[in-house]
Amino acid sequence: MKLLTFIFFKKGELFKLENVTLKRSLGLWAIVGLGLGYMTPTIVFDTFGIVSEETNGVVPLAYLTALAVMLFTAISYGKMVQVFPSAGSAYTYTRETMSPHLGFIVGWAALLDYILLPMVNALIIRIYMVSVFPSVPAWIWVVCYVAIVTAINVWSMSKTSNLNSLLVIFEVVLIVAFIVLAFVKLSQGMGQGTIFTTEPLFHSNIHFGAVLTGATVVCFSFIGFDAVTMYAEEATDIKIMPKAIMLTVLIGGAIFFICGYFAQALFPDISGFKVTDDTLPEIGLFVGGTLFKLVFLAGAFAATVASGLASHASVARLLYVMGRNGVLPKKLFGSVHPKFRTPAFNVILVGVVSLLAVAPSLELISSFINFGALIAFTFVNLSVIAHFVFRQKRYKTGKDIFSFLVMPILGAGTTGILWYNLQADALIGGIVWIVIGLIYLGFKTKISKTSIVDLHFDEAEKPTPL
């Protein structure tokens, strides 16, 4: 810890860091770009084999189901980010509307998915590079990737945003190229042999339970829409945040659905794939040949780096808010670098954790991510009810009842269904993570003799009226 503290901080400057704030430099489309980069649109091709097998060949229906669930939750995020324009997201909302103890648990659960997603990106980069350069040790790619992403995030949030935007544009261009090639291949008789077919959405062997399980698997692809709330303190105007959230989930969801549709139409089953854990390289090969496979991998590489930049930045800011509140050691986690105005210690720490991507599988890590994400989504919906209905008594008109009660209940209920369908490994691992958090909380409050209730926000973080 001490080594990380002083890598970027000059001796004697640490005491100044608590007075430095995050820089407001992000506009609407910069935030949407970070959200889309976080979501990694090309992830639909990476997980296609896993989801197709899980759903028995209706990948786009799984994405459509997840999108419907996420829309309810996105609306709740849009409400709460205006009331609490802080970088803490679900942790902040639950803490301030319900209970500091619940807020800690939700923040700790969300920390699991936030801190693992940068590792997922490093893991995917490892898979891509090993497929192209099998003779090079996998750990070299992980170390190089993590070092570059960490350095950019420490340097500047605006630089992170600009590079992320370029990478997102590149991947969208390649997705369009894939769709054009898919049109050609389908018209030539590949897969379903027709461009317009209902088979990717409905067929005789479909089971709703399997679709829900598939939706649970793909829901981690949507995490970017809630991650943009982490940039609330860096937005040029807090009023743009609800629009940024909705644009992120709608644009991302549309890309996932369209790509999932064409991929499923081209590959009704996954028997032709050699590797089902990450089907993107083979999809590129079957659709466009060796050259397109390499270009497609380049686009996926760009998408993963964009997601890595955004996810790395987001988890650093969650750690920053938890540190600023004193839930985590404040001098380390609640500090902003005086020159770069970024939470540099947190960024470096996330980079160190990401180095663990040398070994695990994509399916295992993504399942753990979903545990924390779905808990966070559920409690954001419940926070809307707690704040507007119970605190502000906004239940006297039909409009208020629908907006602040019915919609968040639907959001919490549908998210809860996905949570119930998580894999057993994810549930066990997630519960173990929660227990670790509770042990840490008990240890901290006993040592500091301070109740978590006494750990309040700074004046700058007080809620604003909606």
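Reading the values: rules and limits
- Residues numbered from 1 in each chain as written.
- Predicted model: local features only at pLDDT ≥ 70, side-chain atom pairs only at ≥ 80, totals over all residues.
- Heavy atoms only, no water.
- Axes fitted to C-alpha atoms, helices over the stretch in contact; angles between N-to-C directions.
- Helix = DSSP H or I, 4+ residues; strand = E, 2+ residues; numbered from the N terminus.
- Parallel < 35°, antiparallel > 145°, perpendicular 65-115°, else oblique.
- Left-handed = near helix turned anticlockwise from the far one by under 90°.
- Contact = heavy atoms within 4.5 Å.
- Expected span 1.5 Å × (residues − 1).
- Buried < 20%, exposed > 50% of the residue type's maximum accessible area, 1.4 Å probe, protein only.
- Bend = angle between axes of the 7 residues up to and from the residue.
- pLDDT = per-residue confidence, 0-100.
- 1 Å grid on protein atoms, 1.4 Å probe; cavity = no way out; pocket = protein on both sides within 12 Å on 5 of 7 lines; lining within 4 Å.
- Points joined across faces, edges and corners; volume = space filled by probe spheres on them.
- Nonpolar A, V, L, I, M, F, W, Y, C, P; charged D, E, K, R; others polar.

Undergrad: What should I look at first to understand the packing of helix 13 (residues 280–324) against helix 15 (residues 344–354) in this one?
TA: For any two helices packed against each other, the geometry is given by the interaxial angle and the distance between the axes. It is at 8 Å that the axes of helix 13 and helix 15 come closest, and there the two elements cross at 120 degrees. For the element pair helix 13 / helix 15, the angle class is oblique. For the pair helix 13 and helix 15, the sense of crossing is right-handed. For the pair formed by helix 13 and helix 15, the contact residues are H312, V315, A316, L319 and Y320 on the first element and N346, V347, V350 and G351 on the second.

Undergrad: Is there a simple way to explain helix 17 (residues 398–420) in this structure?
TA: Working note: α-helix, 3.6 residues per turn, so residues spaced by three or four point in the same direction. Over its 23 residues, helix 17 extends 31 Å from the first C-alpha to the last, a length consistent with the 33 Å expected when each residue adds 1.5 Å. Listed as buried for helix 17 are D400, S403, F404, M407, P408, G411, A412, T415 and L418.

Undergrad: Whenever I open this one, helix 7 (residues 100–132) confuses me. Can you help?
TA: Taking 1.5 Å per residue, 33 residues should reach 48 Å; helix 7 reaches 48 Å between its end C-alpha atoms and fits that length. Residue L117 marks the point of greatest curvature in helix 7, where the axis turns by about 25 degrees; the proline P118 follows within four residues. In terms of burial, helix 7 is largely enclosed, as 26 of its 33 residues are buried.

Undergrad: Just checking my understanding: could you explain the confidence of the model for the protein for this structure?
TA: Chain-level statistics for the protein give a pLDDT mean of 81 and a share of 86% at 70 or above. Within the protein, the element-level pLDDT minimum falls on helix 1 (residues 2–7), averaging 44, and the maximum on helix 12 (residues 241–266), averaging 93. Predicted confidence for residues 1–18 stays below pLDDT 50, and this span has 30 contacts to residues more than four positions away or in other chains. Predicted confidence for residues 453–465 stays below pLDDT 50, and this span has 24 contacts to residues more than four positions away or in other chains.

Undergrad: When you look at the layout of surface pockets in this model, what are you seeing that I'm missing?
TA: There is about 240 Å³ of room inside the second largest pocket. Lining the second largest pocket, in full, are I127, S131, G272, K274, V275, D277, D278, P281, E282, L285, F286 and K293. Elements supplying a minimum of two residues to the lining of the second largest pocket: helix 7 and helix 13. For the lining of the second largest pocket, the element with the highest residue contribution is helix 13, accounting for five residues. For the lining of the second largest pocket, a count of residues per class yields five nonpolar, two polar and five charged.

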